[in-house]
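Read off the chains here:
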Amino acid sequence: MYIQDQLGEIRKAISGAAARAGRTAESITLLAVSKTFPVSDILQAYADGQRIFGENRLQEAMEKMPQMPQDCEWHLIGPLQRNKVRKALEQGFALIQAVDSLKLAATISRIAGELGITAHILLEVNIDGEASKHGFTPQQLEEEWEALTELPGLDIRGLMCIPAPVDNPQDARPAFAALRTLAEKLRERGPLPLPELSMGMSHDFEVAVEEGATIVRVGSAIFGKRDYT
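Residues numbered from 1 in each chain as written. Predicted model: local features only at pLDDT ≥ 70, side-chain atom pairs only at ≥ 80, totals over all residues. Heavy atoms only, no water.

**As for the layout of surface pockets**
Counted only if it meets this: Using only the protein atoms, space was sampled on a 1 Å grid; points where a 1.4 Å probe fits but cannot get out form cavities, open sets with protein on both sides within 12 Å along at least five of seven lines form pockets, and lining residues are those with an atom within 4 Å of a point. Grid points are joined across faces, edges and corners, and a volume is the space filled by probe spheres set on the points. When residues are sorted by character, Ala, Val, Leu, Ile, Met, Phe, Trp, Tyr, Cys and Pro go into the nonpolar class, Asp, Glu, Lys and Arg into the charged class, and all the rest, Gly among them, into the polar class.
Taken as a whole, the largest pocket spans an internal volume of roughly 330 Å³. V33, K35, N56, I162 and M201 are the residues nearest the centre of the largest pocket, which is lined by 20 residues in total. Classifying every residue of the lining of the largest pocket gives eight nonpolar, seven polar and five charged. Empty space within the second largest pocket amounts to approximately 200 Å³.

Have a look at this one:
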């Protein structure tokens, strides 16, 4: 019952954080990050009503997705190499969350056109300017915004970020607020509504919800500690 119990606690926490921010729990999507966990664990979450799952690695997702019921929704949340874009688009992810450059966006646009589909994406922002992180800097995203919005075959749904690691979840608040502010600036420029903000993980999702997250990416708090061996 561990996974079901944890899901219940997380849903309560999301509801509480939403209430504190004057929002509804229904306005927030809980994305269960299932990377490294077996299909048997994902099925336990499914049995408790969870339908939206996130995987970091394309190959791992391709192995798991056919083993799960067809009403699951899958997001690719890890880095995507340009030479794997076609496979990712053919796999049918509902959302590709970590589009981290104009070059990658252009590749997705071109291949989506060849496949005759629309690719639903988020743009990853390196909100803290960490050298080790992928993503647009806020300044770069503003400079390249017009070029991004002119790419055909893309539905840019919003922004995502992975802030610098912190011990106290409250210390992530400025990064979440900065991503929200950046999205607001881009909305004002048009032409996209950018309804989604994907931010917050197992240790800080409540703060992220308070700062406007519409998608929280929660893995270990649902499934337990990861074994990377």
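Continuing now.
**Thoughts on the environment of F205**
The cut-off we apply is this: Put simply, DSSP H or I for four residues or longer makes a helix, DSSP E for two residues or longer makes a strand, and each gets a number counted from the N terminus. Throughout, exposure labels follow a simple rule: accessible area from a 1.4 Å probe, protein chains only, divided by the maximum for the residue type, with under 20% read as buried, over 50% as exposed, and the rest as partly exposed. Contact definition: two residues touch when any of their heavy atoms are within 4.5 Å.
With respect to the secondary-structure elements, F205 resides in helix α8 (residues 205-210). Classification of F205 by relative accessible area gives buried; the value is 6%. For the pair F205 and V166, spaced 39 residues apart in the sequence, the C-alpha separation amounts to 13 Å. The contact partners of F205, leaving out residues within four places of it in the chain, are I10, A13, I14, G200, V216 and V218.

**Here we look at the side chain of E211**
Applicable threshold: Side-chain atoms alone can form a polar contact between residues adjacent in sequence; in general such a contact is a pair of N or O atoms within 3.5 Å, and within protein one must be able to donate a hydrogen while the other accepts it.
With respect to the secondary-structure elements, E211 resides in the loop between α8 and β8 (215-218). We classify E211 as buried; its relative accessible area is 12%. In this structure the side chain of E211 is engaged in a polar contact, spanning 2.9 Å, whose partner is the side chain of R173. Residues within four places of E211 in sequence aside, it is in contact with R173, F176, A177, R180 and M199.

**Things to note about the packing of aromatic side chains**
Geometry of an aromatic ring pair is reported as the spacing of the ring centres plus the angle between the planes. We count it as follows: Pairing of aromatic side chains here covers Phe, Tyr and the six-membered ring of Trp, requires ring centres within 6.5 Å, and sorts the geometry by plane angle: under 30 degrees stacked, over 60 edge-to-face, intermediate tilted. Each ring is checked for a lysine NZ or an arginine CZ that lies within 6 Å of its centre and within 35 degrees of its normal; such an atom marks a charge sitting over the ring.
Considering all chains together, one arrives at two aromatic pairs under this definition. Relative to W74, the ring of F53 lies with its centre 5.5 Å away and its plane at 35 degrees, an arrangement referred to as tilted. Note that F53 is positioned in strand β2 (residues 52-55) and W74 in strand β3 (residues 73-76), a separation of 21 residues in sequence. Owing to a relative accessible area of 5%, W74 belongs among the buried residues under this scheme. Directly above the ring of Y46 sits R51, whose terminal nitrogen or CZ lies 3.6 Å from the centroid.

**A look at the environment of G78**
Of note, G78 is situated in the loop between β3 and α4 (85-91). Taking the C-alpha atoms as reference, G78 lies 23 Å from D167; in sequence the two are 89 residues apart. Those residues within four positions of G78 in sequence are excluded, and the remaining contacts are E55, N56 and A98.

**Quick notes on unusual backbone geometry**
Each neighbour pair has its own omega, and for G190 with P191 the value is 0 degrees, a cis peptide bond. For P191, the location among the structural elements is in the loop between α7 (173-189) and β7 (196-198). With phi around 75 degrees, T36 is a residue other than glycine that occupies positive phi space. Positionally, T36 belongs in the loop between β1 (29-33) and α2 (39-47). Unlike most non-glycine residues, L194 shows phi in positive territory, near 45 degrees. Within the secondary structure, L194 is located in the loop between α7 and β7. Residue classification places L194 among the buried residues on the basis of a relative accessible area of 0%.

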